[in-house]
Structure formats: C-alpha cells, structure tokens
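The lines below spell out each chain.
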Amino acid sequence: RALRAIERCRTAALGGELRQCDACGTQRYVYHSCRNRHCPKCQTLAKERWLAARRAELLPVPYFHLVFTLPHELNALAQGNPRALYAMLFAAASETLLEFGRNPRWLGGEIAATLVLHTWGQTLTQHLHVHGLVAAGALSADGAWLRARRGFLFPVKALSIVFRAKFLDALGEALVRARLALSDSTAALGAPRTRRAFLARLHAKPWVVYAKRPFAGPAQVLEYLGR
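Parameters and conventions
Residues numbered from 1 in each chain as written. Predicted model: local features only at pLDDT ≥ 70, side-chain atom pairs only at ≥ 80, totals over all residues. Heavy atoms only, no water. Axes fitted to C-alpha atoms, helices over the stretch in contact; angles between N-to-C directions. Helix = DSSP H or I, 4+ residues; strand = E, 2+ residues; numbered from the N terminus. Parallel < 35°, antiparallel > 145°, perpendicular 65-115°, else oblique. Left-handed = near helix turned anticlockwise from the far one by under 90°. Contact = heavy atoms within 4.5 Å. Nonpolar A, V, L, I, M, F, W, Y, C, P; charged D, E, K, R; others polar. Buried < 20%, exposed > 50% of the residue type's maximum accessible area, 1.4 Å probe, protein only. Pairing = 2+ DSSP bridges. Patch = residues over 30% accessible without salt bridge, like charges linked within 9 Å, V, L, I, M, F, W, Y side chains within 5 Å. Areas by Shrake-Rupley, 256 points an atom, 1.4 Å probe, with all protein chains shown as cover. Salt bridge = Lys/Arg side-chain N within 4 Å of Asp/Glu carboxyl O.

### Some thoughts on the packing of helix α4 (residues 82-102) against helix α5 (residues 156-176)
To describe two helices that pack against each other, one gives the angle between their axes and the distance between the axes.
Logical step 1: Their axes nearest at 9 Å, the elements α4 and α5 cross at an angle of 140°. In terms of orientation, α4 lies oblique with respect to α5. The way α4 lies across α5 gives a crossing that is right-handed. Contact residues: Leu85, Met88, Leu89, Ala92, Ala93, Glu95, Thr96, Glu99 and Phe100 in α4; Ala158, Leu159, Val162, Phe163, Lys166, Phe167, Ala170, Leu171 and Ala174 in α5.
Logical step 2: A class-by-class count of the residues in the contact of α4 with α5 yields 14 nonpolar, one polar and three charged.

Quick look at the structure:
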C-alpha cells in the first residue's frame, strides 16, 4: 500500500486542483499528494521541520535514551481505547521521570526530556512504548545545573517498578469508573473479580524500561525518532 501511494503521489492518478493567481490570472494545475507517512515527497519536509525544532531544544550536555514499554496483555484494551491508554502511558512515563529527577538521591531538580510514542515494533506488530530523550542533569531551584553521574542517570529496575505502579493505578481507576470501552475480548474486565485478577497479573510481571546513553549523542536518537 505504501509503495502504491508513493508511485501515485502528485500524479493524475490522485487528481488535483486548478489554482489561479488573483492578481495576474496565471493558472497552474496542482496534483494531490498521497500523504502516506513513508512518502519522501510528503513527509521528508515535515520530518526535517520536526527535527530542526527538536535540535534547537537540545542542551549542550550528554543525553540518555530511555524506553518505557507496556506489556502486550494491554494491546486489546489499547485497540479499543487508544487515546486513553496512550495518555496513561505518557503520564506514567513522564511522572516517573520527573519524580526521579526531583529526588536528591539522583539529581534533585527539574529535568529536560522529549517523549515520543511508538505503537509498533520492528516487525510491525503492536508494541506500545514511549521513547524518551532525557538530558543527563537537572536544574536546581536556584538555577544551578546538577550533573548526573558519569554514564548513569536513573536505576532502570526502580524506574520500571514506579512506572508500573503509576500506570496500573490509572488503569485500575479507569476500569472501576467504567471510563474505558470494553470489546468482546475485554468484556470480562467489567466484573470486579476478573478486573482485580487482571491487574494483579500485570503487577506480578516485570515491566521493561530501557536506559542507555547513545554513542553518537542525542542527534542520533532524534534522527531515529524523526523517521
């Protein structure tokens, strides 16, 4: 489908429109674009604009690349409630990072981070995760820059525990208050006993949080996220 869209992009196959200058009357026929995210004609400019804006935000400090991943047991719920589940994912990841950044044991200030949602994996199967590009330091209350320890930002095991707790608290409340749409595959979660068992299983398994300093710097991570 992507290849067909790219082949037909800005050709007669997609139709077009006649544009005329109000001043001189010059006319020009413009073909429609495919708007496929893989099309270089449609998305390269948008990607470069996004990258330019993100590069302008970078601080002259080292960065870390973090990834917060949801268990696949939540895929069915996310299919029926994408906005709600994605919002919970962003909130749990960002609140976890802010909490660790403010903890004087690790940094003791306000961190700088960019978060980007990915909903698929390398095999193009559903794989919900958020990428985080996080500066290796924080701003203290008096405006001083607090550097992270060399080669270390936050402990990933502790991050995963807090991230899991924050997400499951939000999910549990949404289920109890019937804020999520339940399909045939998730309808059983409407029953309190089944819901508690589901949340208990999710709480019992380890959640994946990845953290590593990119070898080529933050620009390498932004280029990947931009694609």
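### A look at the pairing of strand β5 (residues 126-135)
Logical step 1: With eight of its ten residues buried, β5 lies for the most part within the structure.
Logical step 2: As paired strands, strand β3 (residues 63-69) and β5 are joined by seven bridges and run antiparallel to one another. Along β5, the bridge assignment pairs His65 with Leu133.
Logical step 3: As defined by bridge partners, strand β4 (residues 113-120) adjoins β5 across seven bridges and the pair is classed as antiparallel. Residue pairing across strands places Val116 opposite His131, the latter belonging to β5.
Logical step 4: Between β4 and β5, which pair antiparallel one after the other, the connecting turn spans five residues, and Leu124 there sits at a positive phi close to 65°.

### As for a nonpolar patch on the surface
Logical step 1: Judged by side-chain polarity, Leu18, Tyr29 and Tyr31 come together as a nonpolar surface patch covering roughly 330 Å² of accessible area.
Logical step 2: One can find Leu18 in strand β1 (residues 16-20).
Logical step 3: Since its relative accessible area comes to 54%, Leu18 is described here as exposed.

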